[in-house]
Amino acid sequence: DILIVTYGLIVSLAPKLKEKQWCVICLDEAHTIKNKSTKTSSAVMELQSLYKLALTGTPIQNNLSELWNIFQFTNPGLLGSFEQFKKKYANPIMNNQDLDRQELLKRIIAPFMMRRTKLEVAKELPQKNEEKKTNNGMTYDEIVKWLECYKPSDVSFFDVNSEKWAELSQSC
């Protein structure tokens, strides 16, 4: 069985969802649970499963407690309690720029993370195909082409629905 549910629904469905032992829980956009104090985070933490995955493309932005909470979901206890984590890692790294503690934390979490840089991901993405339209329905490329064909003094109208426009645009 597969259940796909939004974070908003998890809060209201939590009493029912936590009754079931799930095989896999996969959180997409897992940064949604980065704040351990939110109802969404609390509801997600109550769910039981054999395996848990957290997917996010959003970096840790504000503080290391965001990292702790996501790992608390996927690997409860790996980084200790929240107080232990703050004392051992967050405070030394954030307040004192303790590179030894930072390296130790990286070594602990590295086996559980797949991190790709934006440049690595960009190679796999299809070409950006964007077509901007003006308020008259023409694309910018069509306007440029049209302006290359006709001097502004030749333009006495701009109604793209007129017969004259159709005549001019086909001749260009």
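Report follows, based on the coordinates. (Residues numbered from 1 in each chain as written. Predicted model: local features only at pLDDT ≥ 70, side-chain atom pairs only at ≥ 80, totals over all residues. Heavy atoms only, no water.)

### Considerations on the pairing of strand β2 (residues 48-54)
Relative to β2, strand β1 (residues 21-27) is paired through 6 bridges, and the arrangement is parallel. Bridge assignment links Val24 to a residue of β2, and that residue is Tyr51. (Pairing = 2+ DSSP bridges. Helix = DSSP H or I, 4+ residues; strand = E, 2+ residues; numbered from the N terminus.)

### Regarding a nonpolar patch on the surface
A surface patch of nonpolar side chains, amounting to about 510 Å² of accessible area, comprises Val24, Leu50, Tyr51, Leu53 and Leu55. Considering each element in turn, the nonpolar patch owes the most residues, 3 residues, to β2. (Patch = residues over 30% accessible without salt bridge, like charges linked within 9 Å, V, L, I, M, F, W, Y side chains within 5 Å. Areas by Shrake-Rupley, 256 points an atom, 1.4 Å probe, with all protein chains shown as cover. Salt bridge = Lys/Arg side-chain N within 4 Å of Asp/Glu carboxyl O.)

### Describing unusual backbone geometry
You will see that Glu29, though not glycine, has its phi angle at about 55°, which is positive. Mapped onto the fold, Glu29 is located in the loop between β1 and α2 (39-45). Judged by its relative accessible area of 39%, Glu29 is partly exposed. The residue Gln97 is not glycine, and still its phi comes out positive at about 50°. Along the chain, the position of Gln97 falls in the loop between α4 (82-96) and α5 (99-109). By relative accessible area, Gln97 is classed as exposed at 53%. (Buried < 20%, exposed > 50% of the residue type's maximum accessible area, 1.4 Å probe, protein only.)

### Details of the side chain of Thr74
Looking at the element boundaries, Thr74 is found in helix α3 (residues 65-74). Apart from the residues within four sequence positions on either side, Thr74 is in contact with Lys52, Leu53 and Ala54. (Contact = heavy atoms within 4.5 Å.)

### Overview of the pattern of salt bridges
Enumeration over the complete set of coordinates arrives at 2 salt bridges. Between Lys86 and Glu83 there is a salt bridge, and its shortest N-O distance comes to 3.6 Å. Placement of the pair is Lys86 and Glu83 together in helix α4, with a separation of 3 residues, close to one helical turn.

### As for the nonpolar core
Among the nonpolar cores identified, the biggest contains 14 residues, and Tyr7, Ile10, Ile25, Leu27, Ile33, Val44 and Phe73 are the most heavily contacted of them. Contributing elements (two or more residues each) for this core: α1 (7-17), β1, α2 and α3. For this core, the element with the highest residue contribution is α1, accounting for 4 residues. For Ile33, the residues in contact, after removing those within four places along its chain, are Tyr7, Leu27, Thr40, Ser41, Val44, Met45, Asn69, Ile70 and Phe73. (Core = buried A, V, L, I, M, F, W, Y, C linked by side-chain atoms within 4.5 Å.)

### Remarks on the packing of α4 against α5
For any two helices packed against each other, the geometry is given by the interaxial angle and the distance between the axes. Between α4 and α5, the shortest axis-to-axis distance is 9 Å and the interhelical angle comes to 125°. Comparing the axis directions of α4 and α5 gives the class oblique. Seen along the crossing, α4 lies across α5 with a hand that is left-handed. Counted together, Phe85, Lys87, Lys88, Tyr89, Pro92 and Ile93 of α4 and Arg101, Gln102, Leu104, Leu105 and Ile108 of α5 form the full contact between these two elements. Among the residues forming the contact of α4 with α5, the class breakdown is 7 nonpolar, 1 polar and 3 charged. (Axes fitted to C-alpha atoms, helices over the stretch in contact; angles between N-to-C directions. Parallel < 35°, antiparallel > 145°, perpendicular 65-115°, else oblique. Left-handed = near helix turned anticlockwise from the far one by under 90°. Nonpolar A, V, L, I, M, F, W, Y, C, P; charged D, E, K, R; others polar.)

### Focus on the environment of Lys39
The residue Lys39 is located in helix α2 in this model. Since its relative accessible area comes to 67%, Lys39 is described here as exposed. For the pair Lys39 and Tyr7, spaced 32 residues apart in sequence, the C-alpha separation works out to 9.9 Å.

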